[in-house]
There are 2 protein chains.
Amino acid sequence: MAGKDVPVSPLAPKRQPKVPAVPGVRFATAEAGIRYKGRTDVVLVLLDDGSQAAGVFTRSKCPSAPVDWCRENLAQGKARAIVVNSGNANAFTGLKGRDSVALTAKIAAKAAGCKAEEVFIASTGVIGEPLDATKFESVLADCAKRAADGPWLDAAKAIMTTDTFPKAVSRKAKIDGHEVVIAGIAKGAGMIAPDMATMLSFVFTDAPIAAPVLQALLSKGVKGSFNAITVDSDTSTSDTLMLFSTGKARARGVPEITDPNDARLSGFKRALNALLLELSHLVCKDGEGARKFVEVRVVGAKSARSAKRVALSIANSPLVKTAVAGEDANWGRIVMAVGKAGEPADRDRLDISFGAIKVAEAGARAASYDEQAVSDYMKGEHIVVTADLGLGRGKATVWTCDLTKAYVEINGDYRS
Amino acid sequence: MAGKDVPVSPLAPKRQPKVPAVPGVRFATAEAGIRYKGRTDVVLVLLDDGSQAAGVFTRSKCPSAPVDWCRENLAQGKARAIVVNSGNANAFTGLKGRDSVALTAKIAAKAAGCKAEEVFIASTGVIGEPLDATKFESVLADCAKRAADGPWLDAAKAIMTTDTFPKAVSRKAKIDGHEVVIAGIAKGAGMIAPDMATMLSFVFTDAPIAAPVLQALLSKGVKGSFNAITVDSDTSTSDTLMLFSTGKARARGVPEITDPNDARLSGFKRALNALLLELSHLVCKDGEGARKFVEVRVVGAKSARSAKRVALSIANSPLVKTAVAGEDANWGRIVMAVGKAGEPADRDRLDISFGAIKVAEAGARAASYDEQAVSDYMKGEHIVVTADLGLGRGKATVWTCDLTKAYVEINGDYRS
């Protein structure tokens, strides 16, 4: 568990990026001993006064206690502290779970010098086990003292479960000619990970953007990124993606943004979306047992919504994913996945390509089909599958990873 | 492929049942050399004049050419011959596929002495490869000469792809005091199997039941059997389940049945449903790489429809299936799968049991939780998972198998 004895994903970035400080954001990590031994398992993030928050959460009908807590407190839009722990998801823990979250918030509020409702909490790890929040007591006070504006990778490491590498990225953008910074961390791997270890991600900026605007940007930004990735179709009880603004860039002349349609936001939106996309791709690339990163493009659908459903049907198909693992350009399985999606599709108009190589057209094997060329292509690390439904102009892209024996091993052996 | 070098599923029946002849049904198998060498790959079934037919087919939007053919010809309700081949699914083969089906029907009609539209066809195996129907030419004429009323296992073997054991079962029933027989064969494994090798099943009875009645019985009967099993959530392009009646029992005094609500049908319905259930369970038990047979019961849902969706969400979850493979009573993953189903669910009312052992109640770990007892239970071959949503009276049961490394191996290495 927690990546022990599991080699780092071959899809991990060759070099970790340098992530700059975000003015107004400080953090520290610690070993609270929640479940793991000899590694950090909690991070406390402190946000300067005036920070704003937005969030999107799991659609699960059985959300974790921390998800309930965050949803409730997001209404007031302010944030001063974030506590994230790994090792225990505090999910399906009943009344005890709620008490544990409340106690965590109380401890963090004391350490940060803020109100409990200004504390946001996320937990990842085993579910159904009560989380003993008293373990945070001494730890968080100490974290608050040590809090600094880096290094981000330490924070990313503390929240890992079966992740094999920490995920931290950044972007710079200009608002009205003034530079702002965006930095974020994530852990995965997608909706999988043992005991639903959860997808968690926290993104920060010094831009002075009001909470409702942050929420609008985030809700839109996830559509093409975190809501377009899948590792195994299993949705966690704890998925949490939050975006915080400290507003510190105000001091450098960046104007206050209170309207999501403000034209001065265009560069920031692009940078934010690029950051969300990169983080979400890193989650896919660290999918349990992943050896290949798979991009599924569906074009020619009746609508964008329909295209996305077909793309997810392909990306979630165990037969497609095992074929990619076996470096097999098995386009018959793509046909199958298009057919089972339940969306408008006409077998006799369907074209399928792997990379730039067309393998099927108009409902049959392509005349130009070259087994050797496509076999060579399948040996790569980044596989692009395109299905052209030939019906309309709807399109969508989703990302996933292959399904290998290591996935079964990690998830079948987790508790034994 | 075709089960070569793959050990027989440990869930296979210890003894193959003796399946009696069905008056009016004769068949023979042959080696047409479609794809496999040194094994039978085609079966011709001859039905006496007056036989009636019903069928249910894949919901795929990309059905195979034989599925299109069967759907079209079912309208007239009569059947005289069935040709089933393995090794090539004749799916996604465009115009060539249609021509190939037409030629197969022509050859079979000649051999059987009937009209082409009285021939039903099913194909299973690789998709996208043109099927050379001329290979049936000499073979089917010879089959017609050799056709006999048994043994069923030979027919079941000829249609296997990655199946590790042939599947043939029977039941007896009484209609108006007179005995009739029902016998059927199937191949799987579910909606999985390499290159969508497809679920195919053919069931025969000598009862004089009209086609519209057969169709009503079959459409209803699949709901709790073939439409309640899943191996990996992948729907084939070729799924075909057909029910034929020869009417030969008329000679023994069995009355003609022309109304699906005829009270004299009750015993037959029970027997037919039991046979469909047994066949569908055999398909699950031969799911690729299966080591455990998993029964998922959902009770207390808002409706039966809702219960079935939740049950399928559990049964299709890779995390649930790998946990079962690892003999891990990981009820947290059941919570996750209930939560992601999108159906009404209340975390704090949810109870979960493995076998008779309650592991979670009212949204938290059961007070009586005994890890050792549940671990012992998970070592068994037949695992029953029950989720009580505590909301209403809707219930449903579905069946699946575990997800093992062998599944990935079989499906990742198929063509390499």
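Keep in mind it's a predicted model, so treat the numbers as computed, not measured. Every chain is numbered on its own, with residues counted from 1 as its sequence reads. Chain letters and ligand numbers both follow the written order, the letters beginning at A and the numbers at 1. Residue-level local features of this predicted model are given only where pLDDT is at least 70; pairs of side-chain atoms are given and counted only at 80 or more, and the full residue set underlies all totals for whole chains, interfaces and linings. For the side-chain quantities, the full set of heavy atoms in the structure was used; hydrogens and water were omitted.

Colleague: So what about the overall build of chain A? Which residues, and what values?
Modeller: A run of H or I in DSSP counts as a helix once it spans at least four residues, and a run of E counts as a strand once it spans at least two, with each numbered from the N terminus. Along the backbone of chain A there are 11 helices and 15 strands. Just to be clear, the radius of gyration here is over C-alpha atoms, and the globule rule we use is 2.2 Å times residues to the power 0.38. Taking 2.2 N^0.38 as the reference for a compact globule, 416 residues should give roughly 22 Å; the C-alpha atoms of chain A span a radius of gyration of 22 Å, in line with that estimate. Viewed in the frame of its principal axes, chain A has a C-alpha envelope of about 70 × 55 × 40 Å. Each residue's exposure class comes from its accessible area (1.4 Å probe, protein chains only) as a fraction of the maximum for that residue type: buried when under 20%, exposed when over 50%, partly exposed otherwise. Per-residue burial over chain A gives 63% buried out of 416 residues. By sequence separation, contacts in chain A at least 24 residues apart represent 80% of the contacts at least 6 residues apart. Entry remark: accessible area of chain A is about 14,800 Å², with carbon and sulfur atoms responsible for 50%. The contact rule is simple, with two residues in contact once any of their heavy atoms fall within 4.5 Å. Using a 1.4 Å probe, the Shrake-Rupley method yields the accessible areas, and only the shown protein chains count as cover for residues.

Colleague: Which residues make up the pairing of strand β8 (residues 200-205) of chain A, and what values go with them?
Modeller: On a regular strand, one side chain projects to one face of the sheet and the next to the other, so that they alternate. Residues and elements named next belong to chain A. Across the six residues that make up β8, a large majority, six, are buried. On β8, burial covers both faces: Leu200, Phe202 and Phe204 on one face and Ser201, Val203 and Thr205 on the other are all buried. Bridge count for strand β7 (residues 178-187) against β8 is six bridges, and the pairing is antiparallel. Residue pairing for β8: Ile185 is matched across the bridge by Phe202. By definition, two strands form a pair when at least two bridges between them are found by DSSP. The sheet contact formed by β8 and strand β9 (residues 240-245) spans six bridges and is parallel.

Colleague: So what about the pattern of salt bridges? Which residues, and what values?
Modeller: Whenever a carboxyl oxygen of Asp or Glu lies within 4 Å of a side-chain nitrogen of Lys or Arg, that contact is scored as a salt bridge. All chains considered together, the criterion is met by 44 salt bridges over all chains. A salt bridge links Glu295(A) to Arg297(A); the shortest N-O distance between them is 3.1 Å. Owing to a relative accessible area of 10%, Glu295(A) belongs among the buried residues under this scheme. Shared partners join several salt bridges into a network, and the residues in it are Asp68(A), Arg98(A), Arg347(B) and Asp348(B).

Colleague: Please set out the interface of chain B and chain A residue by residue, giving values where relevant.
Modeller: Listed per partner, the contact involves 68 residues of chain B and 68 residues of chain A. Buried area between chain B and chain A, both sides added, is near 5,100 Å², and the carbon and sulfur share of it is 56%. Counting the contacts that link chain B with chain A gives eight salt bridges. The partner of Asp68(B) in a salt bridge is Arg347(A), and the shortest N-O contact between them spans 2.8 Å. When contributions to the side of chain B that touches chain A are tallied by element, the ones reaching two or more residues are α1 (65-74), α2 (94-112), α8 (318-325), α9 (331-340), β13 (364-365) and α11 (405-412) of chain B. Considering only residue class, the side of chain B that touches chain A consists of 28 nonpolar, 21 polar and 19 charged. Throughout, buried area stands for the accessible area (probe radius 1.4 Å) lost by two parts on being put together, summed over both. Residues are sorted three ways: Asp, Glu, Lys and Arg are charged, Ala, Val, Leu, Ile, Met, Phe, Trp, Tyr, Cys and Pro are nonpolar, and all the rest, Gly among them, are polar.

Colleague: Account for the relation of the copies chain B and chain A, naming residues and giving values.
Modeller: Laying chain B over chain A is done by rotating through 180 degrees and shifting 0.0 Å along the axis; what remains is an RMSD of 0.0 Å. The operation mapping one copy onto its partner corresponds to a two-fold rotation axis. Of the C-alpha atoms belonging to chain B, the one lying closest to the rotation axis is found on Lys405(B), 2.5 Å away. The copies are overlaid by a least-squares fit using only the C-alpha atoms of residues whose pLDDT is at least 70 in both copies.

Colleague: I'd love a proper account of the domain arrangement of chain A, names of residues and values included.
Modeller: All names here are of chain A. By convention here, the domain bounds are inherited from an automatic or database domain assignment. Structurally, chain A comprises domain 1 (25-285) and domain 2 (293-412). Look at where the C-alpha atoms of domain 1 and domain 2 centre, and you get two points 33 Å apart. Roughly 1,100 Å² is buried in total at the junction of domain 1 and domain 2, and carbon and sulfur atoms are behind 61% of that figure. Sorting the residues of domain 1 by area buried against domain 2 places Ala228, Thr230 and Cys284 first, and these three jointly supply 37% of that buried surface. Counting the contacts that link domain 1 with domain 2 gives zero salt bridges. A 3.5 Å cut-off defines polar contacts: any pair of N or O atoms within that distance qualifies, except that in protein one atom must be a possible hydrogen donor and the other a possible acceptor, and neighbouring residues in sequence count only when both atoms are side-chain atoms. The tally of links between domain 1 and domain 2 comes to four residue pairs in polar contact (both at pLDDT 80 or more). When grouped by side-chain class, the residues that make up the side of domain 1 that touches domain 2 number eight nonpolar, six polar and three charged.

Colleague: So what about the sheet that holds β13(B)? Which residues, and what values?
Modeller: All names here are of chain B. Sheet architecture is open: six strands sit in the order β13-β12-β11-β14-β10-β15, paired in mixed fashion. Both edges of this open sheet fall to β13 and β15 (394-401), since each of them pairs with a single strand only. Taken together, the two bridges between strand β12 (residues 357-361) and β13 define a ladder with antiparallel strand orientation. Each bridged residue has a counterpart across the sheet, and for Glu361 the counterpart in β13 is Ala364. Packing of helix α7 (residues 304-315) onto the sheet brings it into contact with β10 (293-301), β14 (382-388) and β15, and relative to β15 it is tilted by some 25 degrees. Simply put, an axis is a line fit to the C-alpha atoms, just over the touching stretch for a helix, and the angle between two N-to-C directions goes from 0 to 180 degrees.

Colleague: Could you give an account of the pairing of strand β11 (residues 351-354) of chain B, naming the residues involved and the relevant values?
Modeller: All names here are of chain B. The two faces of β11 match: Asp351 and Ser353 on one face and Ile352 and Phe354 on the other face are all buried. One ladder, built from three bridges, connects β11 with β12; its direction is antiparallel. Looking at β12, one finds that Ser353 is bridged to Lys358. As consecutive antiparallel partners, β11 and β12 are separated by two residues, and within that stretch Gly355 has a phi angle of approximately 60 degrees, a positive value.

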